[in-house]
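This is what each chain is made of:
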Amino acid sequence: MRTTDRLNEDWVLASEIHKLEARLWGLVRRENIRVVMVTSAERGEGKSMTVAYLATALARHPERKILAVDLDFRQPQLRVHFGIDGPRSFAAVLNGQCRIEDVLVKTDLPSLDLVLPCPEGEDPNLLLKTTELGELFAFFRQRYDLVLMDVPALIPVADASALMSFADGIVLVVMAGRTTRPMLSRARDLCLGMDARILGLVVGNLKEAVPEYGDSSYYYGYRTGYAKGQGSGRGRATRDRPRHGATTGRTGGPSSTDGGSGARDADA
Ligand SMILES: Nc1ncnc2c1ncn2[C@@H]1O[C@H](COP(=O)(O)OP(=O)(O)O)[C@@H](O)[C@H]1O
Ligand SMILES: [Mg+2]
C-alpha cells in the first residue's frame, strides 16, 4: 500500500507520524536546518519507511516545499513507497547527462518532490562525486524548505558517512526489538566521529518489542538530542524502557512521543 493511502487509513499511525513531523518541523524551523539525513545502524531498521511517512506528513502543508532524496543506491525503496514508475534517475544528473530539474519527480502531493535512483539501483561509487553532489545539494537548499535524505545503514557500508557532510543534521532510526544498544552506540560514534549533529532518534515497531504500548505495529517514538555517553550498554535498545510512554533520561534509551515535548538536552 502506498504511503499516502496508509496514512489516510491508519489513524493511529497517522497520529504518530504527525507528532514526529511536528517536532522535526519545529526543530528545523527554529534552527534553520535545511537538509536532514535519515540513517540507522543496520539494514532493515525502517529508514526508508520513516522518510516516506515523514515526507508525506510534512508535505500535507501546502505552503511548504519538501524534497525526499533516495540516496540508497544499493536498495532504493522510496519509489516503491510512492508507487512511482519511470526512468528518471539520479545517476543521469551526477554523470552530467541531464539537468537537475529533469530528475525532480512530482508526487500526488503538490508540496513534495522526489529524486530517485533507477529501480535496480545505481553504482554507489557515484556517491563519491562530491563536486556534483555539492552542486545538487546547493540547488536543493535554494529550492526547498526541507530535504530528507534516505541513505544506507551506517555500519555495513560507507555511503552514509560519505554523504554526511551534505546534511545539517542526522535522524537515527531504531527498530525496537532489533537494534541493539552496541549497534546504536556504534552508529552514534560514526556520526559524532564525522562531526555530524544528531537531531534525534526515531523508534519504530514499538508494538513488537513493547506490546503494551498500543495497537499499531508502526507505533513510533522520538527523542531529540543524543550525544556522547548515551546509548552504551547491552541488550536491545528498548529493553529498559521504565514504563509505557516515559522518557528514560540518562540511560539513553529512546522515549515515546508521549514522554514530553520540545527539545531535550543532549546529555540530560
Ligand atoms: N516502524 C515500523 N514498524 C514496523 N515495521 C516497520 C517499521 N518501519 C519499517 N518496517 C518494516 O521493516 C522493513 C524494512 O523497512 P525499510 O524502511 O525498508 O528499512 P531500511 O530502509 O532501514 O532498510 C520493511 O518490511 C518495513 O515494512
Ligand atoms: Mg531503505
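Because the structure is predicted, anything quoted here is derived from the model rather than measured. As a convention, each chain's residues are numbered from 1 in the sequence order in which they are written. Chains carry letters from A onward and ligands carry numbers from 1 onward, assigned in written order. Reporting of local features is limited, given that this is a predicted model, to residues whose pLDDT is at least 70; pairs of side-chain atoms are given and counted only at 80 or more, and all residues count toward the totals for whole chains, interfaces and linings.

1. Examining the overall build of the protein
Okay, step 1: For the protein, the helix and strand inventory stands at nine helices and eight strands.
Okay, step 2: Exposure criterion: with C-beta atoms placed from backbone coordinates, a residue whose C-beta has 20 or more other C-beta atoms within 10 Å is buried, one with 12 or fewer is exposed, and one in between is partly exposed. For the protein, buried positions account for 46% of its 268 residues.
Okay, step 3: In this description, any two residues whose backbone-derived C-beta atoms lie within 7 Å of each other are considered to be in contact. In the protein, 77% of the contacts between residues at least 6 apart in sequence involve partners at least 24 apart. Each helix corresponds to a stretch of at least 4 residues labelled H or I by DSSP, and each strand to a stretch of at least 2 residues labelled E; elements are numbered beginning at the N terminus.

2. Structural notes on the packing of helix α2 (residues 11-30) against helix α3 (residues 47-58)
Okay, step 1: Between α2 and α3, the least distance of the axes is 9 Å, while the angle of their chain directions is 70°. Accordingly, the angle class assigned to the pair α2 and α3 is roughly perpendicular. Residue-level contacts link I17, H18, L20, E21, L24 and W25 of α2 to Y53, L54, A57 and L58 of α3. Inter-axis angles, ranging from 0 to 180 degrees, are taken between N-to-C directions of lines fitted to C-alpha atoms, where helices are fitted over the stretch in contact. For classification purposes, an angle smaller than 35 degrees is called roughly parallel, one larger than 145 roughly antiparallel, one from 65 to 115 roughly perpendicular, and anything else oblique.

3. Thoughts on the pairing of strand β7 (residues 198-204)
Okay, step 1: Judged by how many residues are buried, β7 sits mostly within the fold: seven of seven residues are covered.
Okay, step 2: Bridge analysis of strand β6 (residues 169-175) against β7 gives six bridges, and the strand direction is parallel. Each bridged residue has a counterpart across the sheet, and for L172 the counterpart in β7 is L201.
Okay, step 3: Call a crossover right-handed when, viewed with both strands pointing away from you, the route from the first strand across the helix to the second goes clockwise. Between the parallel elements β6 and β7, the chain passes through helix α8 (residues 181-193) in a crossover that is right-handed. In this description, strands pair whenever DSSP reports at least two bridges between them.

4. A look at the nonpolar core
Okay, step 1: Only buried Ala, Val, Leu, Ile, Met, Phe, Trp, Tyr and Cys residues enter a nonpolar core, and they are joined through C-beta atoms within 7 Å. Counting residues in hydrophobic clusters, the biggest one holds 70 residues, and the most contacted among them are V36, M37, L54, A55, A68, L148 and M149.
Okay, step 2: The dominant element in this core, judged by the number of residues it contributes, is α3, at eight residues.
Okay, step 3: Not counting residues up to four positions away in its chain, the partners in contact with A55 are I66, A68, L112 and L148.

5. A look at unusual backbone geometry
Trans is the prevailing form of peptide bonds, just as negative phi is the prevailing case for residues other than glycine.
Okay, step 1: In this structure, N32 takes a positive phi of about 55° despite not being glycine.
Okay, step 2: Looking at the element boundaries, N32 is found in the loop between α2 and β1 (35-40).

6. Thoughts on the environment of D108
Okay, step 1: Within the element layout of this structure, D108 appears in the loop between β3 (105-106) and β4 (112-115).
Okay, step 2: Judged by local crowding, D108 falls into the partly exposed class, with 14 C-beta atoms found within 10 Å.
Okay, step 3: The sequence separation of D108 and F82 amounts to 26 residues, and the corresponding C-alpha distance is 8.8 Å.

7. Observations concerning the environment of V105
Okay, step 1: Assignment of secondary structure puts V105 in strand β3.
Okay, step 2: Classification of V105 by C-beta neighbours within 10 Å gives partly exposed; the count is 18.
Okay, step 3: Not counting chain neighbours up to four residues away, the residues in contact with V105 comprise I84, R88, D113, L114, V115 and L116.

8. Some points on the pairing of β6
Okay, step 1: Most of β6 is tucked away, with seven of its seven residues classed as buried.
Okay, step 2: Residues G169, V171, V173 and M175 point to one face of β6 and I170, L172 and V174 to the other, with burial holding for every one of them.
Okay, step 3: Inspection of the sheet shows β1 paired to β6 by five bridges, in the parallel sense. Counted as the bridge partner of T39 is L172 from β6.

9. Examining α2
Okay, step 1: Expected helix span is computed as 1.5 Å times (number of residues minus one). The end-to-end C-alpha distance of α2 is 28 Å, a good match for the 28 Å that 20 residues give at a rise of 1.5 Å each.
Okay, step 2: For α2, the complete set of buried residues consists of A14, E16, I17, L20, E21, R23 and L24.
Okay, step 3: Trailing α2 by a residue or two, N32 shows a phi angle of about 55°, which is positive.

10. Here's the deal with the confidence of the model for the protein
Okay, step 1: What pLDDT reports is the predictor's confidence in each residue, on a scale of 0 through 100. For the protein, per-residue confidence averages 82 on the pLDDT scale, and 76% of positions sit at 70 or higher.
Okay, step 2: Overall, residues 228-235 carries pLDDT values under 50, and its contacts beyond four positions in sequence, including any with other chains, amount to 16 contacts.
Okay, step 3: Note on residues 238-268: pLDDT is under 50 here. Beyond four places in sequence and across chains, it has 57 contacts.

11. Considerations on the environment of A57
Okay, step 1: Assignment of secondary structure puts A57 in helix α3.
Okay, step 2: Look at A57 and you get buried, because 23 C-beta atoms sit within 10 Å.
Okay, step 3: Along the backbone, A57 and T4 are 53 residues apart, and their C-alpha atoms lie at a distance of 8.6 Å.
Okay, step 4: Once you skip the residues sitting within four places of it in the chain, A57 turns out to touch L7, I17, H18 and E21.

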